[in-house]
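Residue-level listing of the chains:
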Amino acid sequence: MSTQATPLTDPRLAELAAECPALRLLTEPGDLEHYGRDWTRRWTPAPLAIALPAAAEEVQAIVRWANRQQIAIVPSGGRTGLSGGAVAAQGELVVSLERMNRVLGFDPVDRTLTVQPGITLQAVHDAAREHGLIYPVDFAARGSCSIGGNIATNAGGIRVIRYGNTREWIAGLKAVSGAGEWLELNRGLIKNSSGYDFRHLLIGSEGTLGIVVEATLKLTDPPPPSQTMLLALPDMDALMQVFALFRARLSLQAFEFFTDIAQKHVLAHGAQRAIDGDYPYYVVTEFDAVDATAMDVALSAFEHGMEQGWIVDGVIAQSEAQAAALWRLREGITESLAPHRPYKNDISVRIGAVPAFLHEMQTLLSHEYPDIEVVWFGHIGDGNLHINVLKPAALDDAAFIAQCEHVTKLLAATLRRHGGSISAEHGIGLVKKPYLESTRGEAEIALMRQVRHVFDPRGILNPGKLFD
Ligand code: 2HG
Ligand code: ZN
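These notes cover the structure that comes with them. (Residues numbered from 1 in each chain as written. Chains lettered and ligands numbered in written order. Predicted model: local features only at pLDDT ≥ 70, side-chain atom pairs only at ≥ 80, totals over all residues. Heavy atoms only, no water.)

1. Details of the coordination of the zinc ion (ligand 2)
Move 1: At the metal site, the zinc ion (ligand 2) is ligated by His 379 (NE2), His 386 (NE2) and Glu 425 (OE), and these contacts range over 1.9 to 2.1 Å.
Move 2: On the primary sequence, the residues serving as donors to the zinc ion (ligand 2) are separated as H-x6-H-x38-E.
Move 3: According to the relative accessible area criterion, His 386 is buried, its value standing at 4%. (Donors = N, O, S within 2.8 Å, 3.2 Å for Na, K, Ca; no water. Buried < 20%, exposed > 50% of the residue type's maximum accessible area, 1.4 Å probe, protein only.)

Okay, structure coming up:
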C-alpha cells in the first residue's frame, strides 16, 4: 500500500486537495481495494479515493466539500465489521480515521480518557491500564478495530454480561454532522438533563449521522482476580441451566458458548484441546475469584452441575497462560472459519426467551441447511448468538448467499415472534438491511429516516447502509 499521494486526475479531488493542502489522499488500486472493504469480503471495493485526515478540521472540510460536490462518504475505522457497514463499492470517498489515533488526555478525577476515533481498542486498554484503570469493552478484534467503529456499531463483546455495551462507556463525543456542523455532545457530564442526548443517537448509527472526531471514554476499576473455566455440556437445555446456576452463585465476568463443530475448526487452526473427547456444547466462563472461599463456591457450583447432569466435564485454568489457551478456543473461532467464507447471523433475544428460541431455531436450521455445516457460538449470557454458515466448496457464491438469505428471512420471522433482534452487535450495514423491519416497527423506521435527513440532508454519509 502506498503512503504517497498520487497525482489527482479527478477535478473534484483536485479541489479537495487544494482546499486541504495537508490532507493525504490515495487513489492507487491497491489502496482502493484495501480501504474499500471490511471483513465481509462480499462486495468488490470501488471507492473514488481514500482520504486520511490528521485533524478534526480536515474531517469537517471533507464533509463540507462532499456536500458541495454531492459525493458520498464512507467513514472508516479498522474495517473489522461483519455487516458491510464500511464497504465502499459505489465510487464513494472513504474517510479513514486511522491517522487520528492518539490519546488526547486522561482526567484522574473524572476517570475519563479522551481519544481520537482511529485508536485501536487494544491501545485504549493499554492507556487505561497505565493509569491503573480499565476500559471494559472487549472482544477478539481488539488489536485491529478502532474506537470510532466500536461507537458506530455500539460494539458489545465478551464482557457485556458484566459491563454492558459501548454505549455505557461514552461520556462525550465530538462529531461532524452529515451537513458539516460541529457537534459537542454531552462534554463528559454525568448529569445533564437538558434535552435530547444526541450522543446516544450517534452511538450505533453506523456512520449515517455524523463522523466522530473525538470520544471521551469512561474508565473503571480493574475487576478483582478472576478464574477461567471451560465446561463441556451434554445438550442445549443444559446451557441455560448452567448459566442460571453460575449466575446465581458466582459473580460472572463472561459466559460464552460454542459447539463441537466450532471447536473442531478452532483446533484445526492451532488452538489446544483442553477437554478430552467431544461434547455437543462448551462454555468458557470467567468469574471473580478473590480467595479460597470464592473458589470453593465455584467448585461446589461445578459439582452441583455435574450431579444434575448439566455438566459432563470441566477444566479450571491453573495459570494465566492456561486461561489464555481456554479463551483461544472461543476467541479464535471467527478467524478459523474465515477460509470457509461463512455467511453470518448475529442475533439476540431476551435471556429469558433463549431456551424456547434456541429450540425453534435448531429445528429451522437443521431443516433448511441439511447438508451445510452450521457453526454456533457467542455470548449466550447476553442472549446473543452467532451463527456461521460455511460455504460448501461445490456451491457458487451467488447460490450460497441466496440460500442463506432465504433462511435469514425465516430466522427473522422467528426472531420477530420472540421479540429478538436481527443484529445484536455487528450492525445492520448492507448485510442485514433487508431484515431491519423484523426488529424495528414501521413508525420507528420512518422516524429513523427523518432523523437521518436532519443530520445529513444531502444524504452523503454512508448511503445505502442501515436502510435506503
Ligand atoms: C465474536 O463474538 C464476534 O467472536 C464475531 O462477534 C462473531 O464471527 C462471528 O460471527
Ligand atoms: Zn460477538
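2. As for the site of ligand 1
Move 1: Taken together, Leu 82, Arg 330, Thr 334, Lys 344, Phe 377, His 379, His 386, Asn 388, Glu 425 and His 426 make up the full set of residues adjacent to ligand 1.
Move 2: The side chain of Lys 344 places a nitrogen or oxygen atom 2.6 Å from an oxygen atom of ligand 1.
Move 3: When isolated, ligand 1 has an accessible area of 300 Å², and the protein chains bury 90% of it.
Move 4: Tallied by class, the residues present in the shell around ligand 1 amount to 2 nonpolar, 5 polar and 3 charged. (Near = heavy atom within 4 Å. Polar contact = N/O pair within 3.5 Å; in protein donor to acceptor, adjacent residues only side chain to side chain. Areas by Shrake-Rupley, 256 points an atom, 1.4 Å probe, with all protein chains shown as cover. Nonpolar A, V, L, I, M, F, W, Y, C, P; charged D, E, K, R; others polar.)

3. Observations regarding the side chain of Asn 150
Move 1: Examined against the element boundaries, Asn 150 turns out to sit in helix H5 (residues 147-153).
Move 2: Judged by relative accessible area, Asn 150 falls into the buried class, the value being 2%.
Move 3: In contact with Asn 150, other than residues within four places in its own chain, are Leu 121, Phe 139, Cys 145, Ala 155 and Thr 166. (Helix = DSSP H or I, 4+ residues; strand = E, 2+ residues; numbered from the N terminus. Contact = heavy atoms within 4.5 Å.)

4. With respect to the pattern of salt bridges
Move 1: Counted by the stated rule, this structure contains 20 salt bridges.
Move 2: Of the charged contacts, one joins Glu 373 and Lys 264 as a salt bridge, the two residues approaching to 2.5 Å between their closest N and O atoms. Here Glu 373, found in the loop between helix H13 (354-368) and strand S15 (374-379), pairs with Lys 264, found in helix H9 (residues 260-268); they are 109 residues apart in sequence, far enough to count as distant. (Salt bridge = Lys/Arg side-chain N within 4 Å of Asp/Glu carboxyl O.)

5. Let's talk about a nonpolar patch on the surface
Move 1: A cluster of nonpolar side chains, contributed by Tyr 196, Phe 198 and Leu 201, occupies part of the molecular surface with about 340 Å² of accessible area.
Move 2: In this structure, Phe 198 sits in helix H7 (residues 198-202).
Move 3: Its relative accessible area of 32% is what places Phe 198 among the partly exposed residues. (Patch = residues over 30% accessible without salt bridge, like charges linked within 9 Å, V, L, I, M, F, W, Y side chains within 5 Å.)

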